[in-house]
Amino acid sequence: MTVQALIPAAGAGIRNGESSANVLFSVNGRSAIGLTLKAFDRCEEITGITLIVSQRNLLAVTHELETASWQKPIDVILGGQTRQESVRLGLASLQANAPEFVLIHDGARPLVTDRLIHDGLEAARQHGAATACVPVNHTYKHINGQGFVENTIERSNLVQVQTPQVFRYDWILEAHEKAVRERIVVEDDAELIEKLGRPVKIFPGSYRNLKISTPDDARMVEALAADPVCA
Amino acid sequence: MLAWSVEGFDASPEIARTVLVVAPAEATICTGLLASLRLRKPVAVVEGGETRHQSEFNGVESLAPQILDGSVARVLVHDAARPFVDPALIIRLLQALGQSPGAIPALPAPAALVQGLDTGRLQAFVRDAWGVQTPQAFQAHPLLEAHRRANADGFQGSDTASVVERTGQAVAVLEGNPDTFKITTPIDLVRAQIVARRRMHSTGGG
């Protein structure tokens, strides 16, 4: 079974800053993206890696690749203006030699584990599409246009999405092509699959699998890498 | 954690007194801890209930005489498990009470939220959600009334604001502070240590 890991590291993310910069945060002397790539490089279930970068971080990422040895083929391609566009370009680059499954994972989440990868693949094998999620611990509300509380969101059924997200290649390619035709813009690939009317299975993610967007987050990853807490 | 929270409010000029609501089994430890801090303002220790909501009700009720005679005009409700209190935020919240019965801090949800836990499949993406924090500030009388009504109705709030919202009163939302996160897991504790180091470093010592 061929599985391609697709790692977006190109984005000018609106919410949490530029992923193209976030992946370069230093974690124990290496960049975050180096750690993320290593996690996929040593995972037996992964066939190859497609890394999507931007002009801004191309040099730094290339340096990271050249100063380590890798077992798996790693393709580096330039992304687009948005994360969605970057992923679409990554998927398009695989058409000539299409994998059966694509595993999409944020470059700025270096603490991805074999367990998460495996569980994602199992869920995708059975259901065609799957996303890691964690339960929600906090109270969320909607706010009206005047800056007052609109309502409190019922949270017993609520989960927070993370990556890895694993999809049948044909499904996710179709979903992205449809999005281009219909000018659908989302921030999450699983949402595009859902818009095709296909169900997306939820599998357990991990609170340790955090996304780096501040220096504190980088220190967190260092501390967690050394400590098996909440594994 | 408790010391950070209590001292954070004690240091704030706007705060006149604190009510600390604790589990009965921990009352002695907490009283001892409070005695070891050099606090400038009175702290009353009140017994909590089975749930956070119940504990909060007990705390608010303990202030009922002062609320009703007008000597307490505004109340801030704060999770003790959020040690990194922002003094500027306290001021902004209290100022907002000039225009509405309630004011709470919140930040945009950091990741996509989805309904789907019960079926194990994505059902619907929840857009534009804001994660609320504490302290949550309220005009005292409306807060007391809202809590008494909730108590009569058997309503359990997920946060203080939800108790007030159900009475139809306006709750303003202000920008929160990422440092004022809640410690609920061992991973949060790891983050708390990093934040504590950073904050102590920038003030030149604790």
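Anything mentioned here points back to the structure above.
Note that the structure is predicted; figures quoted are calculated from it, not measured.

Caption draft 1: Main features of the overall build of chain B. Counting its regular elements, chain B contains eight helices and nine strands. Here the C-alpha atoms of chain B give a radius of gyration of 18 Å, agreeing with the 17 Å that 2.2 N^0.38 yields for 206 residues. Expressed along its principal axes, the backbone C-alpha trace of chain B runs to roughly 50 × 45 × 35 Å. A total of 206 residues make up chain B; the buried ones form 51% of that total. Intrachain contacts of chain B at a sequence separation of at least 6 include 71% that bridge at least 24 residues. Carbon and sulfur atoms make up 54% of the accessible area of chain B, which totals about 9800 Å². Treating the 18 positive side-chain charges of chain B as one cloud and the 20 negative ones as another, the clouds have centres 5 Å apart.

Caption draft 2: Structural view of the pattern of salt bridges. Using the criterion set out here, one finds 26 salt bridges over all chains in the structure. Salt bridges sharing partners connect three or more residues here, namely A:R83, A:D106, A:R109, A:D189 and A:K211.

Caption draft 3: Representation of the interface of chain B and chain A within the structure. Listed per partner, the contact involves 43 residues of chain B and 43 residues of chain A. Across the chain B to chain A interface the summed buried area is about 3900 Å²; carbon plus sulfur atoms make up 61%. Where chain B touches chain A, the interface holds five salt bridges. Among the ionic pairs, B:R198 bridges to A:D216, the shortest N-O distance being 2.6 Å. One can count 22 residue pairs in polar contact (both at pLDDT 80 or more) joining chain B with chain A. Those elements that provide at least two residues to the side of chain B that touches chain A are β5 (113-115), β6 (124-126), β7 (130-132), α7 (160-165), β9 (171-175) and α8 (186-202) of chain B. Ranked by residue count, the leading element in the side of chain B that touches chain A is α8(B), at seven residues. Taken together, the residues that form the side of chain B that touches chain A break down as 25 nonpolar, ten polar and eight charged.

Caption draft 4: Expanded view of unusual backbone geometry. In this chain, A:T163 is followed by A:P164 through a cis amide linkage whose omega measures 10°. Inspection of the secondary structure puts A:P164 in strand β10 (residues 158-168). The phi dihedral of A:N28 is positive, around 50°, even though this residue is not glycine. Mapped onto the fold, A:N28 is located in the loop between β2 (26-27) and β3 (30-31). For A:N28, a relative accessible area of 55% corresponds to the exposed category. Here B:D128, not a glycine, exhibits a phi torsion of approximately 55°, which is positive. Counting through the fold element by element, B:D128 comes out in the loop between β6 and β7. A relative accessible area of 65% means that B:D128 is categorised as exposed.

Caption draft 5: Structural detail: the nonpolar core. All names here are of chain A. Ranked by internal contacts, the top residues of the largest apolar core, which has 31 residues, are L6, L91, V102 and I193. At the level of secondary structure, the elements contributing two or more residues to this core comprise α4 (83-92), β6 (101-104), β7 (129-135), β10, α6 (169-182) and α7 (189-195). If you tally residues by element for this core, the top one is α6, at six residues. Apart from residues no more than four positions distant in its own chain, V102 is found in contact with Q4, L6, L91, L94, Q165, V166, F167, Y169 and I172. Counting residues in each nonpolar core, the second largest holds 29 residues, with F40, C43, V53 and I117 among its members.

Caption draft 6: Representation of the state of the cysteines within the structure. Evaluated as defined, the whole model comprises zero disulfides over all chains. Cysteine A:C43 is unpaired, with the sulfur of A:C133 as its nearest cysteine sulfur at 20 Å.

Caption draft 7: Quick look at the environment of B:T185. Residues and elements named next belong to chain B. Along the polypeptide, T185 turns up in the loop between β9 and α8. The class for T185 is buried, based on a relative accessible area of 17%. Residues T185 and R74, spaced 111 residues apart in sequence, show a C-alpha to C-alpha distance of 31 Å.

The rules behind the values
- Residues numbered from 1 in each chain as written.
- Chains lettered and ligands numbered in written order.
- Predicted model: local features only at pLDDT ≥ 70, side-chain atom pairs only at ≥ 80, totals over all residues.
- Heavy atoms only, no water.
- Helix = DSSP H or I, 4+ residues; strand = E, 2+ residues; numbered from the N terminus.
- Rg over C-alpha atoms; globule rule 2.2 N^0.38 Å.
- Buried < 20%, exposed > 50% of the residue type's maximum accessible area, 1.4 Å probe, protein only.
- Contact = heavy atoms within 4.5 Å.
- Areas by Shrake-Rupley, 256 points an atom, 1.4 Å probe, with all protein chains shown as cover.
- Lys, Arg positive; Asp, Glu negative; His and termini not counted.
- Charge placed at Lys NZ, Arg CZ, Asp CG, Glu CD.
- Salt bridge = Lys/Arg side-chain N within 4 Å of Asp/Glu carboxyl O.
- Buried area = accessible area lost by both parts, 1.4 Å probe.
- Polar contact = N/O pair within 3.5 Å; in protein donor to acceptor, adjacent residues only side chain to side chain.
- Nonpolar A, V, L, I, M, F, W, Y, C, P; charged D, E, K, R; others polar.
- Core = buried A, V, L, I, M, F, W, Y, C linked by side-chain atoms within 4.5 Å.
- Disulfide = S-S within 2.5 Å.

Without other data, these values stay purely geometric and don't point to any function.
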